Amino acid sequence: MLLELRNNFYQPNLTYHSFPTPFSRPRDKYLAQLGTRLYRKLPATAPCVFPVAGVIGGRRNNPPDEINGMKILPLCVFNPIHYQEIPELFIDYVCSVTGKSPSTTGAGSEGALTKGPFNAINATADLNNALVSMILTGYGGFSSAAGYIGPNYKVDHDLSLLIPEVWCRMTPEERSPENLIKNGALEKLDDYEMVTPEGGKRTVLASRLGYRITDKFVSHYFGRIFDSPCAAINEEMLKPEVQSLEVFADGVDNLVEAERKSALNYFKDGTIKYACPLLKIILHVMAYGNYEGKTLDDPEIRAMFTREAVLKSDWYKKRLVTKQQRDIVLGMRNIKALEDFLGRPGYQVEATRLGIHQRLVDAQRELARVSSESYLDELVGTLGADPIVDDE
């Protein structure tokens, strides 16, 4: 579930069981807009814009269970709010894993990126575009928990609806991941060794979970809503492994295995060749645990996921050249269509009414603009275009 925070007015996404607040409660909408106008000192004739201050992904979690003899693996390893840097976040996005829904009997990978009929092109095109856009815009990968936190705390969507109340009471600086990490409000999870019942050891890849909020976050930011925030969000919720170390480890293993299976599909069908270099790294790590012998913890690999590294890369520059080439083709097609229209007998009056002559001049000017070398400079920092079509 996504929640869009719009300054002091928030709107949960529309699901099959919710109705948009602005329509069901117009008075609240009016008061929110009026209060914002007064605060910003906007005249009644000026537009009142509510920019999205954050997009927080929701996670459906479930404890271990058994239905009709079928075991449901646990997926309740997240505390109320997690933050993941781009590599770990995108591993989750590629997999699109979900816990057991109350309306289903199983868990696994779901979402539009895992269902081919929703899109006629290879999923790598969507993934390439999403990955590049997140890096270029400095996307902060926060997520909130729904369903369960650990095996013992059933929260349903209560936290999903609570997080916007917390987020809209935080300044942009306070919401900064760097600031939260620096102040101890977020703590990083690391891989660890766990003794098996047989006496051996197994590695639990807890680093895939990224960062999670601490008691400092709860007391400082949840304290803006609750008188006793630590009573609402206790240590067992902040550290689900305290509830059951075995369930926590099984949940991480379940998550990692789902990620591995999702990634292997790109190798089986050959679409790995269409992945941009950063997506290839992510898919290799998901499927095989490393990329050319290096893990995501390697500083060299980590540095490749920065905005500065992407802007300097050859593969990103190719995206910009691809975008320019497609814009040139589009411009030429537009000009031809306008010239063909002007060449039709008996269409002179209609051409004048529609302003086709001026449109042709504008189209020629636009073609000259997108054909220039300076246009490539204008494109720096934009998404560009995925060259997947050109490689066919």
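A. Local environment of the overall build of the chain. Of the regular secondary structure elements, the chain holds 18 helices and 14 strands. Within the chain, buried positions represent 42% of all 392 residues. Counting only contacts in the chain whose residues sit at least 6 apart along the sequence, the fraction spanning at least 24 positions is 67%.

B. A look at the environment of Met286. Relative to the helices and strands, Met286 is located in helix H12 (residues 277-288). Taking the C-alpha atoms as reference points, Met286 and Glu259, 27 residues apart in sequence, are found 5.8 Å from one another. Those residues in contact with Met286 that lie beyond four places of it in its chain are Ile91, Val94, Cys95, Arg208, Glu259, Arg260 and Ala263.

C. Structural context of the packing of aromatic side chains. Within this structure, the stated rule accounts for 8 aromatic pairs. Ring geometry for Phe341 and Tyr347: centres 5.2 Å apart, planes at 85°, overall edge-to-face. The ring of Phe50 carries Arg40 above its face, with NZ or CZ at 5.7 Å from the centroid.

D. Seen up close, the environment of Arg175. Within the secondary structure layout, Arg175 lies in helix H6 (residues 172-175). When its relative accessible area of 14% is taken as the criterion, Arg175 is described as buried. Spatially, the C-alpha atom of Arg175 lies 9.0 Å from that of Gly54, the residues being 121 residues apart in sequence. For Arg175, the contacting residues outside a window of four places in its chain are Ala53, Phe142, Trp167, Met170 and Leu180.

E. The arrangement of the packing of helix H11 (residues 245-268) against H12 in detail. It is the contact of H11 with H12, at a shortest axis distance of 7 Å, that shows an interaxial angle of 125°. Looking at the two axes, H11 sits oblique to H12. Pair H11 / H12 crosses with left-handed handedness. Within the contact between the two elements, H11 uses Glu259, Arg260, Ala263, Leu264, Tyr266 and Phe267 and H12 uses Leu283, His284, Met286, Ala287 and Tyr288. Looking at the contact of H11 with H12, its residues break down into 8 nonpolar, 1 polar and 2 charged.

F. Broad picture of the nonpolar core. One finds Leu131, Leu278, Leu279 and Leu283 to be the most contacted residues of the largest nonpolar core, which totals 46 residues. Going through the elements one at a time, helix H3 (86-95), helix H4 (123-137), H11, H12, helix H15 (314-342), helix H17 (356-371) and helix H18 (373-379) are the ones with two or more residues in this core. Sort the elements by how many residues they give to this core and H12 lands first, with 8 residues. When sequence neighbours within four positions are dropped, the list of residues in contact with Leu283 reads Val94, Ala263, Tyr266, Phe267, Ile272 and Ala275. Within the second largest apolar cluster, 25 residues are counted, among which are Leu162, Val166, Trp167 and Ala185.

G. Local environment of the pattern of salt bridges. This model, assessed by the stated rule, comprises 21 salt bridges. Close ionic contact of Arg212 with Glu241 constitutes a salt bridge, the shortest N to O distance being 2.8 Å. Remark: Glu241 occurs in the loop between helix H10 (235-238) and H11 and Arg212 occurs in strand E14 (residues 211-213); sequence separation between them is 29 residues. The pair formed by Arg212 and Glu241 is uniform in burial state, with each residue classed as buried. The partner of Lys294 in a salt bridge is Glu300, with the nearest N and O atoms 2.6 Å apart. Accessibility expressed as a relative area gives 27% for Lys294, which makes it partly exposed. On the accessibility criterion, Glu300 (48% relative accessible area) is partly exposed. Within this structure, Arg202, Glu246, Asp250 and Asp253 form a network of salt bridges that share partners.

Basis of the calculations
- Residues numbered from 1 in each chain as written.
- Predicted model: local features only at pLDDT ≥ 70, side-chain atom pairs only at ≥ 80, totals over all residues.
- Heavy atoms only, no water.
- Helix = DSSP H or I, 4+ residues; strand = E, 2+ residues; numbered from the N terminus.
- Buried < 20%, exposed > 50% of the residue type's maximum accessible area, 1.4 Å probe, protein only.
- Contact = heavy atoms within 4.5 Å.
- Phe/Tyr/Trp six-rings, centres within 6.5 Å; stacked < 30°, edge-to-face > 60°.
- Lys NZ or Arg CZ within 6 Å of the ring centre and 35° of its normal.
- Axes fitted to C-alpha atoms, helices over the stretch in contact; angles between N-to-C directions.
- Parallel < 35°, antiparallel > 145°, perpendicular 65-115°, else oblique.
- Left-handed = near helix turned anticlockwise from the far one by under 90°.
- Nonpolar A, V, L, I, M, F, W, Y, C, P; charged D, E, K, R; others polar.
- Core = buried A, V, L, I, M, F, W, Y, C linked by side-chain atoms within 4.5 Å.
- Salt bridge = Lys/Arg side-chain N within 4 Å of Asp/Glu carboxyl O.

Purely geometric stuff here, so don't read any function into it on its own.
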